[in-house]
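Analysis of the macromolecular model
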Amino acid sequence: MKLLITGGCGFIGSNFVRLILNKYPDYKIINLDKLTYAGNLENLKEFEDNKNYTFVKGDISDNEIVAKVIEDVDVIINFAAESHVDRSISYDDPFLKTNIIGTHVLLKAALKHQKRLLQISTDEVYGSIEKESFTEDSNLNPSSPYSASKASADLLCMSYFLTHELPVTIVRSTNNFGPYQYPEKIIPLFISNLMDDKKAPLYGDGKNVRDWLFVEDCCEAINLVLHKSKPGEIYNIGSGKELPNIELARLIIEILDKGESLIDYVADRKGHDRRYSLDTKKIRALGWSPKRKFEEALKNTISWYTDNRAWWEKLKN
Ligand SMILES: NC(=O)c1ccc[n+]([C@@H]2O[C@H](COP(=O)([O-])OP(=O)(O)OC[C@H]3O[C@@H](n4cnc5c(N)ncnc54)[C@H](O)[C@@H]3O)[C@@H](O)[C@H]2O)c1
């Protein structure tokens, strides 16, 4: 199989490229990445000389470059995105350009060349839920410019399936954590700050709840969807490990053997969704469940950031 991975130099994309190249020695990957602040060639350095791996620097909203890289592949998996909610609150132009226009460019090219597209989306498109969990049929109700741009992309994807019968599949994942996550996101931010006895900034009352999924488990779910799903389907992915941010902060503090005085309560994020929660029966029926226990995966993630200080220090500076 030959895959076009977009955004493969980011957090989840690079973990997915690693999984595929290690698991399927005969698969070929083209990684199209713009190398924004979040894209890092170091994330896939070990594959630089791999004959099955080609890196192309480029923007998914550029029709010409997309036309060139798409011709010869079987499936496009679109990880490329502006992904940080806080950035979308202060300046959202790149979110609309990459997440909506970029996805549209991929859809048009996929239609022209009759390729399959797997869109990587997020639980944030459903918005906040007080009790129970969203299913794949729940209405979209995004709160931030980031989640609104991802919801727009999802709607466009489904419209290409319904109108043009383009084989499109969508996965909506909960919050990922693990190695190679840019240190602006809560887990690597807290780990790297606390390691240096710096404060961990916690929004509002710290009671916002997220479902935490280890990135390798997420990549395995995406791999299953790649091989086993039907066109036009949407799959929620999540671990079911729901945790208020304050408890997450306390766990990291405990593992790093630091004090709770390092928690810094800061003004809440605008439009901050209180709780995300997904019903994941559909992906579980397809044969997936997360392999790693949350506490163990968190400990391993903390060890990775401890062992790879040079990787994140450069990004924070
Ligand atoms: N991280 C999470 O917890 C999470 C959860 C659910 C869904 N998602 C989704 O998964 C995908 C990957 O997320 P991530 O956390 O790995 O993001 P990331 O920010 O770490 O990486 C994004 C990658 O996309 C590249 N990119 C950005 N704009 C581009 C463009 N116009 N053209 C080509 N490449 C471009 C960046 O250079 C970077 O390599 C995103 O679509 C995101 O919405 C992420």
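Residues numbered from 1 in each chain as written. Predicted model: local features only at pLDDT ≥ 70, side-chain atom pairs only at ≥ 80, totals over all residues. Heavy atoms only, no water.

Within the structure, the ligand sits among 28 residues, and I12, D33, S83, Y146 and K150 are positioned closest to it. G10 places a main-chain nitrogen or oxygen 2.9 Å from an oxygen atom of the ligand. Interatomic distance of 2.6 Å between a side-chain N/O atom of S83 and an oxygen atom of the ligand. Expressed as a share of its isolated accessible area of 830 Å², the protein-covered part of the ligand is 97%. Put simply, the parts of the chain that give the shell around the ligand at least two residues each are helix 1 (11–23), strand 5 (116–122), helix 5 (145–164) and strand 7 (175–177). At three residues, strand 5 tops the list of elements feeding residues into the shell around the ligand. Among the residues forming the shell around the ligand, the class breakdown is eleven nonpolar, 13 polar and four charged. (Near = heavy atom within 4 Å. Polar contact = N/O pair within 3.5 Å; in protein donor to acceptor, adjacent residues only side chain to side chain. Areas by Shrake-Rupley, 256 points an atom, 1.4 Å probe, with all protein chains shown as cover. Helix = DSSP H or I, 4+ residues; strand = E, 2+ residues; numbered from the N terminus. Nonpolar A, V, L, I, M, F, W, Y, C, P; charged D, E, K, R; others polar.)

Summed over the entire model, instances satisfying the criterion amount to 13 aromatic pairs. Relative to W311, the ring of W304 has its centre 5.3 Å away and its plane inclined at 70°; by these criteria the two rings are edge-to-face. For the pair formed by W304 and W311, the shared burial category is buried. Among the aromatic residues, ring-to-ring pairing joins F177, W212, F214 and F294 into one connected group. Cation over ring: R87 sits above Y37, and NZ or CZ is 3.5 Å from the ring centre. In this structure, K282 is placed above the aromatic ring of Y235, and the distance from its NZ or CZ to the ring centre is 4.9 Å. (Phe/Tyr/Trp six-rings, centres within 6.5 Å; stacked < 30°, edge-to-face > 60°. Buried < 20%, exposed > 50% of the residue type's maximum accessible area, 1.4 Å probe, protein only. Lys NZ or Arg CZ within 6 Å of the ring centre and 35° of its normal.)

Quick look at the domain arrangement of the protein chain now. On domain assignment, one finds that the protein chain holds domain 1 (2–176 + 213–237) and domain 2 (179–210 + 241–271 + 293–316). Computed over C-alpha atoms only, the centres of domain 1 and domain 2 are separated by 25 Å. Tallying the contact residues gives 21 residues for domain 1 and 16 residues for domain 2. Roughly 1600 Å² of surface becomes buried between domain 1 and domain 2 when both sides are summed, with 49% attributable to carbon and sulfur atoms. Contact with domain 2 buries area across many residues of domain 1, yet F11, H84 and F214 alone supply 26% of it, more than any other trio. Scanning the region where domain 1 abuts domain 2 turns up three salt bridges. With a shortest N-O distance of 2.7 Å, E184 and R87 are connected by a salt bridge. (Domains from an automatic or database assignment. Contact = heavy atoms within 4.5 Å. Buried area = accessible area lost by both parts, 1.4 Å probe. Salt bridge = Lys/Arg side-chain N within 4 Å of Asp/Glu carboxyl O.)

Here helix 8 (residues 245–256) spans 17 Å end to end across twelve residues, near enough to the 16 Å set by a 1.5 Å rise per residue. The set of residues buried in helix 8 consists of N245, I246, L248, A249, L251, I252, I253 and L256. Next to the buried residues of helix 8 lie helix 6 (186–195), strand 8 (200–203), strand 9 (209–214), strand 11 (242–244), strand 12 (263–266) and helix 10 (294–307). Phi turns positive one or two residues past the end of helix 8, at D257, with a value near 60°. (Expected span 1.5 Å × (residues − 1).)

Here we take up the sheet that holds strand 9. Taken in spatial order, the three strands make up an open sheet running 7-9-11, and their pairing is mixed. Taken across any chain shown, the strands that pair with only one partner, and hence form the sheet edges, are strand 7 and strand 11. Sheet twist, expressed as the average angle between the axes of neighbouring strands with direction ignored, equals 50°. In this structure, strand 9 lies alongside strand 11, joined through three bridges in antiparallel fashion. Bridged to V209 within strand 11 is P244. Taken strand by strand, helix 7 (residues 215–228) contacts strand 7 and strand 9, and its axis lies near 75° from that of strand 9. (Pairing = 2+ DSSP bridges. Axes fitted to C-alpha atoms, helices over the stretch in contact; angles between N-to-C directions.)

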